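Listed below, chain by chain, are the residues.
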Amino acid sequence: TLKHARKEAFAAMTTNIIATLWILTISSQVLAGATAAVAQPAASPAPAPPPAPAAQAPAIFVFGDGTLDVGNNNELTGGEMGDAPHANHLYYGIDFPPGNNPTGRFSNGYNLADFIAMAVGFGMSPPAYASFPNPGPTKMEGFTGVNYASAEAGIRMSTNADMTIPLSAQVVNFNGTVAQLKVLLGGRKPLNQFLSKSFFLIGVGTMDLLPESNPFDPPTDDKTKVQRLMDMYAATLTSLHGMGARKFGVINVGLIGCVPSVQGSSGHGGGCDESMNRLAAEFNAALGPLLSGLAAKLPRFRYSLADFYGFSNATFANPSAAGFSNIISACCEGPCMPNSYFRAPCSNRKDYWFWDDGYMTEQAAKVTAAAFYSGKAFITPVNFKRLIAMKG
């Protein structure tokens, strides 16, 4: 068994900033009386803006890989398999406000976790677990949740071992947060109420399907790769449920055979690797029954299954309808680093689906989040909005 290495000291990242849209209404002026000509009275001051709408969930807890990571990988050093993936350098964050602000997101700006959090009523994703003091938050004021996601993480500990924070370790970190929240909230009962109303966003599995991410993990039984992953995924979700999670927003695996690193590699002729996509489809086909089975077995287990594969496929079939002109190339080529070998990123970033060799642009994340949060076509049995509105 490979030893998971993780550096305890993480760099502090930007604390959560809550951005709200204020709608100002200007009252018309009413002149009193019908007196003779007098000077025009001064305009009445504009009324105070209404209070910001309350978030629809008390907190969001995020688990998964680089599609959702907001900085947990920043200080990871890597291990036997290689260096840890980092995005805390330009050109990452080139569109993150206030500008040219790399935070560890594998995007030119906000990522999928950010836009889903915005839809729920927060300013962006909750902060990375790495930014909190050990073991977790020290006060409830301003607390919106924790993001545990780690780029290139998998369901299995052996996936990209020593380079990332696997899902199982993310759940261990959440357990530490739960213990701290119990103290801050004043006991088990208020903690259970808080967690039952919170939203648990999970997106993982892509890296587990890639052979290069699992070179030292030979099968030890007669189960298929997908069957073994489902067993581990079920155990992890059951563990989270046992800690108090009730509302699960699960994102399936996308078109892993169509990312730029695959399409641009020799042997694929500039096209998608359909064998890789079929493996992703097999994983996704097993994920639905897994979740429905857990819902039937675990008390008050509620879920939404977001079809990232289907949404990506529909978008790639007609990209212009979604506002994209390039669904093949990376806007920022190579590892997206500012040196003489790799060119600067494209200027028309909203036209691109892919930011780098494997992750979405901010614009792609934005339209994807909208489809999952309030759409109907690519999410079942209910969308994220309806899931969150359910009684905890």
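By the naming in an unreviewed UniProt entry, the chain goes by GDSL esterase/lipase and is assigned to Eragrostis curvula.

> Would you mind going over the overall build of the chain with me for this structure?
When helices and strands are counted, the chain shows nine helices and eight strands. Nonlocal contacts in the chain, meaning residues at least 24 apart in sequence, comprise 72% of its contacts between residues at least 6 apart. Of the roughly 17,800 Å² of accessible surface on the chain, a fraction of 57% belongs to carbon and sulfur atoms.

> What should I look at first to understand the packing of aromatic side chains in this one?
Two aromatic rings, taken as a pair, are described by how far apart their centres are and by the angle between their planes. Within this structure, the stated rule accounts for 27 aromatic pairs. Judged by centre distance (5.4 Å) and plane angle (35°), the ring pair of Y129 and Y148 falls under tilted. Here Y148 lies in the loop between β2 (145-147) and α2 (167-185) and Y129 lies in the loop between α1 (112-120) and β2, a separation of 19 residues in the sequence. Look at Y129 and you get buried, because its relative accessible area is 12%. Ring centres of F324 and W353 lie 5.4 Å apart, and the angle between their planes is 75°; this geometry places the pair in the edge-to-face category. Taken as a pair, F324 in the loop between α7 (308-317) and β6 (326-330) and W353 in strand β7 (residues 352-354) lie far apart in primary sequence, 29 residues in all. Through a chain of ring-to-ring contacts, the aromatic side chains of F61, F63, Y129, F132, F143, Y148, F174, F194, F200, F248, F301 and Y303 assemble into a single cluster.

> Before we go on, may I ask you to explain the environment of F200 in this structure?
Position of F200 relative to the elements: it lies in strand β3 (residues 199-203). Residues F200 and I60 lie 140 residues apart in sequence; the distance between their C-alpha atoms is 5.9 Å. Those residues in contact with F200, other than ones at most four positions away along the chain, are F61, F63, F174, L195, A245, R246, K247, F248 and G249.

> Sorry if this is basic, but what is going on with the pairing of strand β4 (residues 247-251) here?
Remark: a regular strand shows side chains that alternate across the two faces of the sheet. β4 sits mainly inside the fold: five of its five residues count as buried. Burial along β4 is two-sided: the residues K247, G249 and I251 and F248 and V250 are all buried. Examined bridge by bridge, β3 and β4 share five bridges and lie parallel to one another. Within β4, the residue paired with F200 across the bridge is F248. Two strands pair when backbone bridges link them, and β4 and strand β5 (residues 302-306) are joined in this way by five bridges, in the parallel orientation. When the bridges of β5 are listed, I251 appears paired with A306.

> Honestly, empty space enclosed by the protein in this entry has me stumped. Any pointers?
Over the atoms rolls a probe the size of a water molecule, and its path tells where empty space is left. Evaluation of the coordinates by the stated rule reveals two cavities of 30 Å³ or more. As a volume, the largest cavity reaches approximately 50 Å³. In terms of lining, the largest cavity is formed by G66, T67, F106, S107, Y110, N111, L112, Y359, M360, T361 and A365. Taken together, the residues of the lining of the largest cavity break down into six nonpolar, five polar and no charged.

> Help me understand the state of the cysteines, please; the structure alone is not making it clear to me.
Any covalent bond linking the sulfur atoms of two cysteines counts as a disulfide. Taken as a whole and assessed by the stated rule, the structure comprises three disulfides. Each sulfur of the disulfide joining C258 and C272 lies 2.1 Å from the other. Between C258 and C272, the disulfide has an S-S torsion of 120° and is therefore right-handed. Here C258 is found in the loop between β4 and α5 (260-263), whereas its partner C272 is found in the loop between α5 and α6 (274-297), with 14 residues between them in sequence. C331 shares a disulfide with C346; S-S distance 2.0 Å. Around the S-S axis, the bridge from C331 to C346 shows a dihedral of about -110° and counts as left-handed. On the criterion of sequence distance, the pair formed by C331 in the loop between β6 and β7 and C346 in the loop between β6 and β7 is long-range, its members being 15 residues apart. On the basis of relative accessible area, C331 is assigned to the buried category, the value being 0%. The connectivity of the disulfide-linked cysteines in the chain, indexed sequentially, is 1-2, 3-6, 4-5.

> It is not clear to me how the sheet that holds β5 should be interpreted in this structure. Could you clarify?
As a general point, the strands of a sheet are linked pairwise by backbone hydrogen bonds and lie either parallel or antiparallel. Read across the open sheet, the six strands follow the order β2-β1-β3-β4-β5-β8; overall the sheet is mixed. Every other strand in the sheet has two partners, leaving β2 and β8 (379-380) as the edge strands with one partner each. Against the sheet, α2 makes contact with β1 (60-64), β2 and β3, and its axis sits at roughly 160° relative to β1, the strand it touches most.

> Explain the nonpolar core to me, please; I cannot follow it from the model alone.
In this structure, F61, F174, Y233, F248, F283, W353 and F384 are the most contacted members of the largest nonpolar core, which totals 104 residues. Apart from residues no more than four positions distant in its own chain, F384 is found in contact with I116, F199, L201, G249, V250, I251, S304, A306, F372, Y373 and I379.

> Hey, could you run me through unusual backbone geometry in this one?
The general pattern is negative phi for most residues beyond glycine and trans for most peptide bonds. Following L90, the chain continues into Y91 via a peptide bond in cis, with omega recorded as 15°. Inspection of the secondary structure assignment puts Y91 in the loop between β1 and α1. T380 connects to P381 through a cis peptide bond whose omega is -10°. Looking at the element boundaries, P381 is found in the loop between β8 and α9 (384-389). Of note, the phi angle at N160 is positive, near 50°, even though the residue is not glycine. The class of N160 is buried, set by a relative accessible area of 4%. Positive phi values are uncommon outside glycine, yet D162 reaches one of about 70°. Secondary-structure assignment places D162 in the loop between β2 and α2. Taking relative accessible area as the criterion, D162 reaches 8% and is therefore assigned buried.

About the thresholds
- Residues numbered from 1 in each chain as written.
- Predicted model: local features only at pLDDT ≥ 70, side-chain atom pairs only at ≥ 80, totals over all residues.
- Heavy atoms only, no water.
- Helix = DSSP H or I, 4+ residues; strand = E, 2+ residues; numbered from the N terminus.
- Contact = heavy atoms within 4.5 Å.
- Areas by Shrake-Rupley, 256 points an atom, 1.4 Å probe, with all protein chains shown as cover.
- Phe/Tyr/Trp six-rings, centres within 6.5 Å; stacked < 30°, edge-to-face > 60°.
- Buried < 20%, exposed > 50% of the residue type's maximum accessible area, 1.4 Å probe, protein only.
- Pairing = 2+ DSSP bridges.
- 1 Å grid on protein atoms, 1.4 Å probe; cavity = no way out; pocket = protein on both sides within 12 Å on 5 of 7 lines; lining within 4 Å.
- Points joined across faces, edges and corners; volume = space filled by probe spheres on them.
- Nonpolar A, V, L, I, M, F, W, Y, C, P; charged D, E, K, R; others polar.
- Disulfide = S-S within 2.5 Å.
- Axes fitted to C-alpha atoms, helices over the stretch in contact; angles between N-to-C directions.
- Core = buried A, V, L, I, M, F, W, Y, C linked by side-chain atoms within 4.5 Å.

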